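Chain residues, written in single-letter form:
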Amino acid sequence: MLEDAVKSAWQYGRRFLLNGKVADYIPELSKASPVYLGVCVHTMDGKTVEYGDVDQRFTIQSISKVITLAMALELLGFDKVFSHVMMEPSGDSFNSILKLDTASNRPYNPMINAGAIDVIGLLAPEVSFETLLAFARTICMDDGIELDMDVYRSEAFTGDRNRAIGYLLKSKGVLSGDVLSTVDLYFRMCSLSVTARSLARLGQILANGGVNPVTGERLLSAQTVRTIKTLMLTCGMYDRSGELAVRVGIPSKSGVGGGIMSCVEKCMGIGIYGPSLDEKGNSIGGVYLLEHLSKEMHLHIFDSE
Ligand code: GLU
């Protein structure tokens, strides 16, 4: 039964919370409690199963990269976006500057900071922060999403590495707009407040091919959704994406705020909050929870049992 499987996965994930560490390079994030763990599952047939800290709001961080990529693909099209950014796992940490300087002019993929800042640079002349916020509320089915000013300020104050990425992109002619306002928009998107429930809704819409399963409204094209899910599987879990594709096999995107948003094709969306992180930046309890759930319910994308 789904209820039992989610509960035992949540209990299993909790065992690992103290093996991780809450992010502190953005000082405001360090205030989160490492023992939070919440999971929400929305199935396609209308069931919701939740355990733990699902009401807790936290910042979306890197999961916003999915939202800005979705907006860019819908608005500007596949060819334009991927003439700016590649589709390859980088194998480096999310905020690395190394390969961008030495190996390629284009960022490796839109799920790392360089790629996301590049994509936001493409979007910035077309859309305002308010439009992106409204879009985030729609595709997470959560009108409570707001800009968390404390995290935003904290991130802007300590965000020089991301500004450096912005200037490097500009020096290579990849980013054409103003660096500071582009990176500022990136910080704002990272500072949107969500819950495990809103992430599960986004996962559910992706699992359903871009159609809101509650209203039947198409929110994203099938091609946009296919592209995003593939990039989530190959690049969504930082430089552990390969290992987790093998162990878990569920397209997922994590953020250093402790969120993980996952989608099981035609079946369910999963949202997780657990701010204690593994050494790569993924929610440590969340990763074990997902691995357990995937095994129990045979959710691996290539499971043939
Ligand atoms: N705002 C964070 C940063 O750019 C996002 C990192 C993440 O969640 O991967 O450093």
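Below you will find a few notes about this structure. (Residues numbered from 1 in each chain as written. Predicted model: local features only at pLDDT ≥ 70, side-chain atom pairs only at ≥ 80, totals over all residues. Heavy atoms only, no water.)

1. Observations concerning the nonpolar core
To keep things clear, this is the line we draw: Only buried residues count toward a nonpolar core. Its members are Ala, Val, Leu, Ile, Met, Phe, Trp, Tyr and Cys residues joined through side-chain atoms within 4.5 Å. Note on classification: 1.4 Å probe, protein chains only; a residue is buried when its accessible area is under 20% of the maximum for its type, exposed when over 50%, partly exposed between these limits. Every residue pair with non-hydrogen atoms within 4.5 Å of one another is taken to be in contact.
By size, the foremost hydrophobic cluster in this structure holds 66 residues, and its most contacted members are Ile67, Val81, Leu192, Leu206, Ile228, Met232 and Met261. The contacts of Val81, once residues within four sequence positions are left out, are Leu69, Ala72, Leu73, Val119 and Leu122. Counting residues in each nonpolar core, the second largest holds 24 residues, with Leu2, Val39, Leu244 and Ile270 among its members.

2. Topic: the site of the ligand
Basically, it comes down to this: It suffices for a single heavy atom of a residue to lie within 4 Å of a molecule or strand for the residue to be listed as near it. In the analysis that follows, any N or O atom pair within 3.5 Å is treated as a polar contact, provided that within protein one partner can donate a hydrogen and the other can accept it, and provided that, for residues neighboring in sequence, both atoms belong to side chains. In this description, accessible areas are obtained by the Shrake-Rupley approach with a 1.4 Å probe, and a residue is regarded as covered only by the protein chains that are shown. Gly counts as polar in this scheme, as do all residues outside two lists: the nonpolar Ala, Val, Leu, Ile, Met, Phe, Trp, Tyr, Cys and Pro, and the charged Asp, Glu, Lys and Arg.
Inspection of the region around the ligand gives Tyr25, Gln61, Ser62, Phe94, Asn113, Glu155, Asn162, Tyr186, Cys190, Tyr238, Gly255 and Val256 as its neighbouring residues. With respect to the ligand, the side chain of Asn113 contributes an N or O atom lying 2.9 Å from an oxygen atom. Contacts to the ligand include Glu155, whose side-chain N or O atom sits 2.3 Å from a nitrogen atom. Here the ligand loses 99% of its free accessible area of 290 Å² to cover by the protein chains. In the shell around the ligand, the residues fall into six nonpolar, five polar and one charged.

3. A closer look at the pairing of strand E7 (residues 259-264)
For clarity, the cut-off: Helical segments are the DSSP runs of H or I of at least four residues, strand segments are the runs of E of at least two, and each set is numbered from the N terminus. Strand pairing is assigned whenever DSSP identifies at least 2 bridges connecting the two strands.
Here E7 lies mainly inside the structure; six of its six residues are buried. Residues Gly259, Met261 and Cys263 line one face of E7 and the alternating positions Ile260, Ser262 and Val264 line the opposite face, and both faces are buried. Here strand E6 (residues 252-254) pairs with E7 via three bridges, running antiparallel. Looking at E7, one finds that Ser252 is bridged to Ser262. Linking two consecutive strands that pair antiparallel, namely E6 and E7, is a turn of four residues; a positive phi of about 110 degrees is found at Gly258 within it. Bridge count for E7 against strand E8 (residues 268-273) is six bridges, and the pairing is antiparallel. Paired with Ile260 across the two strands is Ile272, which belongs to E8.

4. Some remarks on unusual backbone geometry
Despite not being glycine, Gln61 shows a phi value in the positive range, around 45 degrees. Considering the arrangement of structural elements, one finds Gln61 in the loop between strand E4 (58-59) and helix H2 (64-76). Owing to a relative accessible area of 3%, Gln61 belongs among the buried residues under this scheme. The backbone phi angle of His298 is positive, close to 55 degrees, even though this residue is not glycine. With respect to the helices and strands, the residue His298 is situated in the segment after helix H13 (284-297).

5. Concerning the state of the cysteines
Formally: Disulfide: a pair of cysteine sulfur atoms within 2.5 Å of each other.
Using the criterion set out here, one finds zero disulfides in the structure. Here Cys140 stays free of any disulfide, with the sulfur of Cys40 as its closest cysteine sulfur at 12 Å. On the accessibility criterion, Cys140 (1% relative accessible area) is buried. For the unlinked cysteine Cys263, the closest cysteine sulfur is that of Cys267, found at 11 Å.

6. Looking at the sheet that holds E7
Put simply, the rule is: All axes are obtained by fitting lines to C-alpha atoms, using only the stretch in contact for helices, and the reported angles, taken between N-to-C directions, cover 0 to 180 degrees.
If you trace the five strands from one edge of the open sheet to the other, you get E3-E2-E8-E7-E6, paired in antiparallel fashion. Strands with a single pairing partner mark the edges of an open sheet, and in this sheet they are strand E3 (48-52) and E6. Across the sheet, the axes of successive neighbouring strands diverge by a mean angle of 10 degrees, strand direction being ignored. Sheet analysis places strand E2 (residues 38-43) next to E8, joined by six bridges and oriented antiparallel. Paired with Cys40 across the two strands is Gly271, which belongs to E8. Most of the contacts of helix H1 (residues 2-14) go to E3, to which it runs at about 25 degrees, and overall it touches E2, E3 and E8.

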